[in-house]
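# Results of the structural survey
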Amino acid sequence: MADLSSYPVGRGGPGEPRLLEQVRNALRRRHYSYRTEQVYLHWIKRYIYFHGKRHPRDLGPDEVSAFLTHLARDRSVAASTQNQALSSLLFLYGQVLEIKLPWMDGIERAKRPIRIPVVLTVDEVRALLARLEGAKWMMASLLYGAGLRLRECLKLRVKDVDFGYRQITVRDGKGGKDRMTMLPAAVIDPLRSHLARVQALHERDLAEGYGDVEMPFALDRKYPNAGRQWGWQYVFPSRKLSADPRSGVIRRHHVYDDVLPRAIGQAARSAGIAKPVGSHTLRHSFATHLLMAGHDIRTVQELLGHSDVSTTMVYTHVLNKGGRGVASPLDRIEPGGTHGTS
């Protein structure tokens, strides 16, 4: 796909910002994440190319509908993917071009499948964790032991781990919400030792002229020195310094997004677990095992950070499926179950 960075927004003079640059600026003013910025720019490019590089000002609801219907009908994208594209275009028109789009009933929406989450047994979790070491073990243990999402774990800051109260504060979670969850006792001593090593690494970075960490919501402008303070450092920093993709500043970011999922997948295969296992599987298992232990669903909802208890209710379906909830009629007539042996 060609570069659209020079694509003009309007019909103004030569000093007018370019389309993608104006989209990028609008996203950053509203403190959208870098990942969201990349996704929105991707879908806006796709939309423009789908309509023969016509300017979005010359397009409208019918063209938006045609593009989204194409994604669902011809490209067979998932519902979540189509929603990403829709959100990107609504942002483009509403926040950048300031054009109101009426509700588009003609859009063919990709159907969101209703799926029961994959949940590991306690023994499977134990076997998986036994095949992880060091920081990867700690991160996976927090996904299972505290119900963290992958990004919440990666973005965890030192100041948000409270050893005294044995709790973790999740900042700016899904939906921009903060919440509290537990700090598992099993990770306290290993995590203390890990943070001692991280602090030594941070002090070395400071001595070499680095040590500045990315700050949320432009706090680096309000508190210029906060990014160098120990409390703001990532609990799980990257091994290497890298250039910030927005500012170009050399700093130590958190562990790359694909490190833990890859390690979890390898550990699951090594443990002989046939189920499809990803990082989110450990969060699903956290919720299900709490409900199995008799904890109230509202408590589990709060620990997970769900806005609506109906989202948490999916884990009750896991508990009520198969032999756990209802006895099979076969077991009523074949109590021994020996006819299939050879």
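From a predicted model like this one, the values you see are computed outputs, not experimental measurements.

Of all hydrophobic cores here, the largest spans 39 residues; its most connected members are L128, L142, L183, L191, V235, F236 and I264. Those elements that provide at least two residues to this core are α5 (122-129), α6 (134-146), α7 (150-154), β2 (167-170), α8 (185-207) and α10 (259-270). The element that contributes the greatest number of residues to this core is α6, accounting for seven residues. Non-local contacts of F236, meaning those with residues more than four positions away in its chain, are made with A135, M138, M139, L142, C153, L191, H194, H254 and V255. Counting residues in each nonpolar core, the second largest holds 26 residues, with L20, L59, L71 and L89 among its members.

It is worth spelling out empty space enclosed by the protein at this point. According to the stated counting rule, one finds one cavity of 30 Å³ or more in the structure shown. The space that makes up the largest cavity amounts to roughly 100 Å³. For the largest cavity, the full set of lining residues is V198, L201, H202, D205, G211, D212, V213, Q233, Y234, P237, R252 and H253. Counted by class, the lining of the largest cavity contains five nonpolar, four polar and three charged residues.

Looking now at the layout of surface pockets. For the second largest pocket, the calculated volume is near 690 Å³. For the second largest pocket, the lining is made up of 25 residues, of which A135, K136, P237, R239 and V255 are closest to its centre. Elements supplying a minimum of two residues to the lining of the second largest pocket: α6, α8 and α10. When its residues are assigned to classes, the lining of the second largest pocket shows 13 nonpolar, four polar and eight charged.

This brings us to helix α1 (residues 19-29). Those residues of α1 not exposed but buried are L19, L20, V23, A26 and L27. Taken down its axis, α1 places every buried residue within 120° of arc, on the same side. Those residues of α1 that are buried lie in contact with α2 (34-50) and α4 (79-96). After α1 finishes, the residue H31 shows a positive phi value of roughly 60°.

Let's shift gears to the sheet that holds strand β1 (residues 161-162). Across the sheet, which stays open at both edges, the three strands sit in the order β1-β2-β3 with antiparallel pairing between neighbours. In the strand order of this sheet, the two ends are held by β1 and β3 (179-182), each with one partner. In this sheet, β2 lies alongside β1 in antiparallel orientation, the contact comprising two bridges. Bridge pairing in β2 places V161 opposite I168.

Each pair of packed helices gets described by two things: the angle between the helix axes and the distance between those axes. Contact geometry for α2 and helix α3 (residues 61-73): axes closest at 10 Å, N-to-C directions at 105°. Put simply, α2 runs roughly perpendicular to α3. Together, W43, R46, Y47 and F50 of α2 and E63, V64, A66, F67, H70 and L71 of α3 make up the contact between the two elements.

It is worth spelling out the packing of aromatic side chains at this point. By the definition in use, this model includes seven aromatic pairs. Each ring, one from Y32 and one from Y40, has its centre 5.9 Å from the other, and the planes form 50°; the classification is tilted. Residue Y32 is classed as partly exposed on the basis of its relative accessible area of 28%. With a centroid separation of 5.6 Å and 65° between ring planes, the pair formed by Y47 and F67 is classed as edge-to-face. Highlighted residues: Y47 in helix α2 and F67 in helix α3, separated in sequence by 20 residues. Here Y47 and F67 have matching classes, each one buried. A connected cluster of aromatic rings, assembled from ring pairs, spans W43, Y47, F50, F67 and Y93.

Calculation rules
- Residues numbered from 1 in each chain as written.
- Predicted model: local features only at pLDDT ≥ 70, side-chain atom pairs only at ≥ 80, totals over all residues.
- Heavy atoms only, no water.
- Core = buried A, V, L, I, M, F, W, Y, C linked by side-chain atoms within 4.5 Å.
- Buried < 20%, exposed > 50% of the residue type's maximum accessible area, 1.4 Å probe, protein only.
- Helix = DSSP H or I, 4+ residues; strand = E, 2+ residues; numbered from the N terminus.
- Contact = heavy atoms within 4.5 Å.
- 1 Å grid on protein atoms, 1.4 Å probe; cavity = no way out; pocket = protein on both sides within 12 Å on 5 of 7 lines; lining within 4 Å.
- Points joined across faces, edges and corners; volume = space filled by probe spheres on them.
- Nonpolar A, V, L, I, M, F, W, Y, C, P; charged D, E, K, R; others polar.
- Arc of directions from axis to C-beta.
- Pairing = 2+ DSSP bridges.
- Axes fitted to C-alpha atoms, helices over the stretch in contact; angles between N-to-C directions.
- Parallel < 35°, antiparallel > 145°, perpendicular 65-115°, else oblique.
- Phe/Tyr/Trp six-rings, centres within 6.5 Å; stacked < 30°, edge-to-face > 60°.

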